Amino acid sequence: MTALDRKLLRDWRRLAGQAITIALVLASGVAVFISSLSAYQSLVTSQRNYYRESRFADAFASLKRAPLSVAARIAEIPGVIQVEPRLVQDVTIGVEGASLPVSGRMIALAAGDEPQINRLHIVSGRGLDPAIPAETLVTQAFAEANRLGPGDRVSALLNGRRQSFRIVGTVLSPEYVFSTGPGEPLPDDKRFGVFYVSREVLAHAFAMEGVFNDVVLLVAPGANMPAILASLDALLDRWGGMLAHDRSLQLSHRFLQDELRQQGTMAATIPPIFLLISAFLLHVVMGRLVATQREQIAALKALGYDHEITLHFAKFAALIVLPGVALGVAAGVALGHVMLFSYRPFFRFPELDYDLAAWAPIAATAIALFAGLGGATGAVRSVARLRPAEAMRPATPPAYTARFSAILSQAPSRWKIAARGAGDHPLRTGVTLLGLVVAAPLVLMGLFWTDALDYVVDVQFAASERADAVVQFVEPLPARVVQEVRRMPGVLLVEPLRIAPVRLRSGHLEYQTSLTGSSDRLQLRRLLDDALDVVVAPKDGLLLSRRLAERLRLRTGDPVELDILDGHRNRAVVPLAGVVNDLIGLSAYMDRESLNRLLQEDQTVSAVAVRLDASKADAFYAAAKQTPKISTVSLKERSIRNFRDSTGAVVLLLAGIYTAFSITIAIGVVYNNLRIGFQERALELAMLRILGFTPYETARIFFSEIVAEVCLAIPLGLVAGYFLVRLLVLAFQTETFEIPAAIAPRSYFWAASLVAGAAFASAAVMGRKLWRMDLVSVLKGRE
Amino acid sequence: MPPIVFSSRNLNKTYRVGSVNVAALQGLDLDIFEGEFIVILGPSGSGKSTLLNILGGLDSASSGDAAWRDHNLVEASDEELTRYRREHVGFVFQFYNLIPSLTARENVELVTEISEQPMRPEDALAKVGLSARLDHFPSQLSGGEQQRVAIARAIAKRPDVLLCDEPTGALDCRTGVGVLSALDEVNRSFGTTTVVITHNAAIGAMADRVMYMADGRIARIESHSERARPEDIRW
């Protein structure tokens, strides 16, 4: 071992405290980076594998009813590989002990025994026995949420007749990775499940022998999807075809894509920020550490060392960087596994396989090494430029100017030292400030998710959707049904709604959603603009969710083509009258009477919004379950819980991890910055002690600058955090919902407190050093 | 005969460096009288700086007695040593150690702010011939000027003793003589007891007494009835 290498090891041991904290900060940055990326990558890979193995359909269509011969004609459309006609019926389900209304979708093959498209994965129990009609398979999520399993029974109201089924197995389907009930914006596994039953039962109950009302297709790779969908629409038009669409409009797939996209965005935005901030810290700290060895570098140069010096400090940097990166990668892989494991309840794939792309650890290592070595060698170069003799003399006193003299003339010396120390060393101050400033946004970035979700709940469920429940009917009914609902137990207020499926078109862009007939008298379903003021749908115009208008590239006044997919399937062109601030879902709204006219109906109602007396809610649910006309009842309370349990839970899981790391990094950043500041000024501080200043007075002088820096850095950090969060949410908009850049005051408070707390703790550590400072050795170190 | 201000008997200081004990002072006896100008000469490692550090309350002895008037310097606590430095001692170091972010005047003010009956900073700086450089920062001053600011800072609190560790060590002869003149002036006009440690034997000529140190003891003392003027010293 060379003498220089021995110096290396001893230097490391001497600076072990700092070396370890820097390595930990770096490890945190790398761990977040690796874990987020690998968890996301694993989800994407698992989804791809699952779709392939289960032969997930490429195109979907539903219709009123068509003879099976039509299915054969669908198979002849160019590009179609396989067609599977099915019977699909939404029904009311009876689960013993469930007080809430439960709805289900019953699916049976219109021909054949085993689905060849959207193959089921049996989790428990066995498949259907075609010989036993009263058997059903149920989706695993519904079974879990309702504590059901093979051997349990459920009942279903099939066309007015209650029929009992025995569950023989629980399954996963690529079509229902997320199962969203009709009219619900988000999945609710407790209240909506998918049931696979034998053809005989369903066909018999709904008089659908020899026909189908739903079809799924596999198409050839590279086939012309729009052409296939157009042919499908044309073919099914006379059979009451509703909506031929590809995967992009399939509810589960769309929700899954949104969730994945959100995960991907989170993985692609926040962890790199973590990594870059820790790399930045590393860069700065390495530079400053090396700079404190000025005399040694000069001495080595005088002895004839040259490039070995740079190599020596590069090794020193590597000794800090490499263990940090190694720890980070190991922790990242472990955490990635943990994250993936926590995803299991949300992403119902048969397998979640851990997948880490090789480039991620390589990139993390490269960034960290580059930052660390860059900082170290940069500092070495700046010292090495000096002639050895010059470098060995103590550095000339740093230059100061009298620019603050007028203001400061009456101030105590400690404020002069602080103000000039900060003002005349913009680089040093800037670096320290930047170190302190980046801490707050990191924390805000972790904390704001909770605020954002609270805001969504407040706006969407408290200000906009104010009904406690929305009752949907099997089919549109005359307006007098509203009074029937009004007479149900616990109902305080009712408001009629007319909701119709609609396809919106603008140029070549189109989108299928629901069109809600609204009225200015409505209290329970209010439309809000960006300022959260109530918007009223005009008599002769359409309102769209803002993101939908953006998606269709529509501005107020632009014409929108409407294809109503209900009733007489009328078409109309209506101008866009304005946009609505919907945080969840993309919807269209118009005046209810105008909608009735468009539908050529007389005041029909497809749903009723209800305000409930909470104490009588159970009686209301029970009555709703007994009313055959009612297909589903969506409950606000459940919607909020679902929102928090689904999207909310996944987002908060990640946010929690980020918050933990952001706190670690914030503390590391603050501590190291202040610690180095202390190191750089140790001699000055020792001098004050020699002059007779007590440790307390010396601390006041030193900490005045820190207090000023922290006081400046916190507000700057909060402002930076605000803009960072705004930037982040832009990347997070999905079709399902939008994350608002709403940061609650308490998050600002916590971020500020954390930075202040970290600074205070670091200051306490340095205060102790200040008290125990060995004046003689500081002087010796210098002279 | 003026009263004794410093006295030490059988003073020992042992440092532990790794596993080796290094005896920096070995049974040192010393008396310093009020108003004296003393130069301590000796090679590196002879114990000069250790002695100065103990006299100045920066370090404490391992055994023996050391006192400034009635202040016991061996048994004093950290707080007592801080108060002692603050009230009685002025330091001047080889590398000046000014606060770079304060002007000459403000560097002096730093000390007068915590002193009982200080001089006006302007007067202290005038004493060392720096009236024209009051508002200059250390980086705008030459080495000699910086050292004179350090002297002004040391004397502004009207210390009873001025301790100087190689005050001309980083200076050329002409500049160094200017600094010595300032020290001489302070000693003569205020009667401040002054102790200068140096390698530079020529400086001994301006002292009342010159003490030669070797191996942690005072090997020899040389008294001068007549002190040389700093301007006449050359090296």
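The structure presented is a predicted model; accordingly, all values stated were derived computationally and were not measured.

Conventions used here
- Residues numbered from 1 in each chain as written.
- Chains lettered and ligands numbered in written order.
- Predicted model: local features only at pLDDT ≥ 70, side-chain atom pairs only at ≥ 80, totals over all residues.
- Helix = DSSP H or I, 4+ residues; strand = E, 2+ residues; numbered from the N terminus.
- Buried ≥ 20, exposed ≤ 12 C-beta atoms within 10 Å, placed from the backbone.
- Contact = placed C-beta atoms within 7 Å.
- Pairing = 2+ DSSP bridges.
- Axes fitted to C-alpha atoms, helices over the stretch in contact; angles between N-to-C directions.
- Nonpolar A, V, L, I, M, F, W, Y, C, P; charged D, E, K, R; others polar.
- Parallel < 35°, antiparallel > 145°, perpendicular 65-115°, else oblique.
- Left-handed = near helix turned anticlockwise from the far one by under 90°.
- Core = buried A, V, L, I, M, F, W, Y, C linked by C-beta atoms within 7 Å.
- pLDDT = per-residue confidence, 0-100.

Colleague: Residues and numbers for the overall build of chain B, please.
Modeller: Along chain B, the regular secondary structure elements total six helices and ten strands. Of all 235 residues assigned to chain B, the portion counted as buried reaches 51%. Within chain B, residue pairs in contact and separated by at least 24 positions form 70% of the contacts whose partners lie at least 6 positions apart.

Colleague: Account for the sheet that holds strand 2 (residues 20–33) of chain B, naming residues and giving values.
Modeller: All names here are of chain B. Spatially, four strands are ordered 2-1-4-5 in an open sheet, and the strand pairing comes out antiparallel. Edge positions in the sheet fall to strand 2 and strand 5 (71–72), since each has one partner strand and no second. By the bridge criterion, ten bridges tie strand 1 (residues 4–17) to strand 2 in an arrangement that is antiparallel. Directly across from Ile-4, in strand 2, lies its bridge partner Phe-33. Against the sheet, helix 1 (residues 48–55) touches strand 1, strand 2 and strand 4 (63–68), its axis set at about 60° to strand 2.

Colleague: Explain the interface of chain A and chain B residue by residue, including any values.
Modeller: Between chain A and chain B, the residue contacts involve 27 residues of the former and 26 residues of the latter. At the level of secondary structure, the elements contributing two or more residues to the side of chain A that touches chain B comprise helix 13 (413–423), helix 21 (682–690) and helix 24 (775–782) of chain A. A total of five residues in the side of chain A that touches chain B trace back to one element, the largest contributor, which is helix 13 of chain A. When the residues that make up the side of chain A that touches chain B are grouped by side-chain class, the tally is 15 nonpolar, five polar and seven charged.

Colleague: Explain the sheet that holds strand 7 (residues 161–165) of chain B to me, and be specific about the residues and the numbers.
Modeller: Pairing between sheet strands relies on hydrogen bonds along the backbone, with the strands arranged either parallel or antiparallel. Residues and elements named next belong to chain B. The sheet built from six strands is open, its strands ordered 6-7-8-3-9-10 with mixed pairing. At either margin of the open sheet sits one strand with a lone partner, and together these are strand 6 (89–92) and strand 10 (217–223). Here the average twist between neighbouring strands, direction ignored, is 20°. Summarising the sheet, strand 9 (residues 209–214) and strand 10 pair through six bridges and their orientation is antiparallel. Pairing of Met-211 across the sheet is with Ile-221, part of strand 10. Helix 6 (residues 173–190) rests against strand 3 (37–41), strand 7 and strand 8 (193–198) of the sheet, and its axis sits at about 155° to strand 8.

Colleague: Report on unusual backbone geometry, specifying residues and quantitative values.
Modeller: Its identity is not glycine, yet A:Ala207 carries a phi of approximately 50°, on the positive side. Along the chain, A:Ala207 turns up in the loop between helix 5 (199–205) and strand 9 (211–219). A:Ala207 gets classed as exposed once you count the C-beta atoms within 10 Å, which come to 9. If you check the backbone angles, B:Arg69 has positive phi at about 45° while not being a glycine. Counting through the fold element by element, B:Arg69 comes out in the loop between strand 4 and strand 5. Overall, the presence of 12 C-beta atoms within 10 Å leaves B:Arg69 in the exposed class.

Colleague: I'd like to hear about helix 1 of chain B, residue by residue, with values.
Modeller: Residues and elements named next belong to chain B. Among the eight residues in helix 1, eight count as buried, and that is most of the element. Taken together, the buried positions of helix 1 are Lys-48, Ser-49, Thr-50, Leu-51, Leu-52, Asn-53, Ile-54 and Leu-55. Trailing helix 1 by a residue or two, Gly-57 shows a phi angle of about 75°, which is positive.

Colleague: So what's going on with the pairing of strand 12 (residues 491–506) of chain A? Residues and values would help.
Modeller: Residue and element names in this part refer to chain A. Across six bridges, the pairing between strand 12 and strand 20 (residues 605–612) is antiparallel. In the strand pairing of strand 20, Val-491 is matched with Leu-612. Counting the residues between successive antiparallel strands, the hairpin from strand 12 to strand 13 (residues 509–518) contains two residues, one of them, Gly-507, with a positive phi of roughly 60°. Looking at chain direction, strand 12 and strand 17 (residues 559–564) are connected through four bridges and run antiparallel. Across the sheet, the residue bridging to Arg-505 is Glu-561, located in strand 17.

Colleague: Could you give me a rundown of the environment of B:Ala156, with the residues and numbers involved?
Modeller: Residues and elements named next belong to chain B. Its location among the elements puts Ala-156 in the loop between helix 5 (143–155) and strand 7. On the basis of neighbour count, Ala-156 is assigned to the buried category, with 25 C-beta atoms found within 10 Å. Separated by 47 residues in sequence, Ala-156 and Glu-109 have C-alpha atoms that sit 8.4 Å apart. Here Ala-156 is in contact with Val-108, Val-111, Thr-112, Pro-118, Met-119, Pro-121 and Ala-124, once residues within four sequence places are set aside.

Colleague: Can you lay out the packing of helix 5 of chain B against helix 6 of chain B for me, pointing to particular residues and giving the numbers?
Modeller: All names here are of chain B. Viewed as axis vectors pointing N to C, helix 5 and helix 6 meet at an angle of 15°, and their least axial separation amounts to 9 Å. Taken together, the axes of helix 5 and helix 6 are roughly parallel relative to one another. Where helix 5 crosses over helix 6, the handedness of that crossing is right-handed. Packed against helix 5, whose contacting residues are Gly-143, Gly-144, Gln-147, Arg-148, Ile-151 and Ile-155, the element helix 6 presents Thr-175, Gly-178, Val-179, Ala-182, Leu-183 and Val-186 at the interface. Looking at side-chain class alone, the contact of helix 5 with helix 6 contains six nonpolar, five polar and one charged residues.

Colleague: Pulling in residues and values, what's your account of the nonpolar core?
Modeller: Of all hydrophobic cores here, the largest spans 252 residues; its most connected members are A:Val30, A:Val755, B:Ile151 and B:Val195. Contact partners of A:Val30, with chain neighbours within four places excluded, come to A:Leu275, A:Val325, A:Gly328, A:Val329, A:Gly332, A:Ala364 and A:Ala368. Among the nonpolar cores identified, the runner-up in size contains 52 residues, and A:Val471, A:Ala549, A:Ala577 and A:Val579 belong to it.

Colleague: Tell me what's going on with the environment of B:Thr175, and back it up with residues and numbers.
Modeller: All names here are of chain B. Examined against the element boundaries, Thr-175 turns out to sit in helix 6. According to the C-beta neighbour criterion, Thr-175 is partly exposed, with 17 such atoms within 10 Å. Thr-175 sits 32 residues away from Gly-143 along the chain, and the two C-alpha atoms are 8.0 Å apart. Each residue touching Thr-175, except ones within four places of it in the same chain, is listed here: Ser-142, Gly-143 and Gly-144.

Colleague: An account of helix 3 (residues 104–112) of chain B is requested, with residue identities and associated values reported.
Modeller: Because each turn of an α-helix spans 3.6 residues, side chains separated by three or four positions in sequence point in the same direction. Taken across its nine residues, helix 3 of chain B has eight buried, putting it largely inside the fold. For helix 3 of chain B, the set of buried residues is B:Ala104, B:Arg105, B:Glu106, B:Asn107, B:Val108, B:Glu109, B:Leu110 and B:Val111.

Colleague: Could you give me a rundown of the pairing of strand 20 of chain A, with the residues and numbers involved?
Modeller: Residues and elements named next belong to chain A. Among the eight residues that make up strand 20, seven are buried, leaving the element largely enclosed by the rest of the structure. One ladder, built from five bridges, connects strand 11 (residues 469–477) with strand 20; its direction is antiparallel. Paired with Gln-472 across the strands is Ala-607, a residue of strand 20.

Colleague: Tell me about the environment of A:Arg147, residues and numbers included.
Modeller: Residue and element names in this part refer to chain A. Its place among the elements puts Arg-147 in the loop between helix 4 (140–145) and strand 6 (153–158). A residue is classified by how many C-beta atoms lie within 10 Å of it, and Arg-147, with 9 of them, is exposed. For the pair Arg-147 and Lys-190, spaced 43 residues apart in sequence, the C-alpha separation works out to 9.5 Å.

Colleague: Tell me about the confidence of the model for chain B, residues and numbers included.
Modeller: Scored by pLDDT, chain B comes out at a mean of 88, with 100% of its residues at no less than 70. With a pTM of 0.68, the predicted complex shows an ipTM of 0.78.

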